[in-house]
Amino acid sequence: QVDPTRNLVWALAAEEEGSRGAKAKAPKQYVFDSVVPPEGTQDDVYQRGPDVTVASVLEGFNGCIMAYGQTGAGKTFTLANDAREPAKKG
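Nothing here was measured: the structure is a model prediction, and the numbers come from that model. (Residues numbered from 1 in each chain as written. Predicted model: local features only at pLDDT ≥ 70, side-chain atom pairs only at ≥ 80, totals over all residues. Heavy atoms only, no water.)

So what's going on with the overall build of the protein? Which residues, and what values?
A count of helices and strands for the protein gives 3 helices and 5 strands. Ordered by position in the sequence, the α and β elements of the protein form the string β-β-β-β-β-α-α-α. Considering the protein as a whole, with its 90 residues, one finds that 8% of them fall into the buried category. Looking at the protein alone, contacts between residues at least 24 apart form 22% of all its contacts between residues at least 6 apart. Per element, the accessible surface of the protein, about 7,400 Å² overall, is 53% carbon and sulfur. (Helix = DSSP H or I, 4+ residues; strand = E, 2+ residues; numbered from the N terminus. Buried < 20%, exposed > 50% of the residue type's maximum accessible area, 1.4 Å probe, protein only. Contact = heavy atoms within 4.5 Å. Areas by Shrake-Rupley, 256 points an atom, 1.4 Å probe, with all protein chains shown as cover.)

Dropping the structure here:
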């Protein structure tokens, strides 16, 4: 479950054994600097991070943008897509 307004992601953890031997999946909460929901656009991704880094690089500072995620999640698409189409601009 994703809550982009609070930058939270909940995920089911591996089965954990309770005090009576029963196994249950307890949800784990993860907090990030920014979270883009699955229905987010390329612009949403850009506005939540790279825009600050790009602006700093243009002012002469060093910057790095690293894409990390599951295979097929769209990392390359996000960073290096067709700049001629504004909705797909990476």
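Outline a nonpolar patch on the surface, listing residues and values.
Taken together, the side chains of Tyr 46, Val 54, Leu 58 and Ile 65 define a hydrophobic patch exposed on the protein surface, amounting to about 360 Å² of accessible area. Along the chain, the position of Tyr 46 falls in helix H1 (residues 42-47). For Tyr 46, a relative accessible area of 31% translates into the label partly exposed. (Patch = residues over 30% accessible without salt bridge, like charges linked within 9 Å, V, L, I, M, F, W, Y side chains within 5 Å. Salt bridge = Lys/Arg side-chain N within 4 Å of Asp/Glu carboxyl O.)

Go over the environment of Gly 40 with me, naming the residues and quoting the values.
With respect to the helices, strands and loops of the structure, Gly 40 is situated in the loop between strand E5 (27-31) and H1. Note on Gly 40: relative accessible area 28%, which makes it partly exposed. In this structure, the C-alpha to C-alpha distance between Gly 40 and Pro 4, residues 36 residues apart in sequence, is 9.8 Å.

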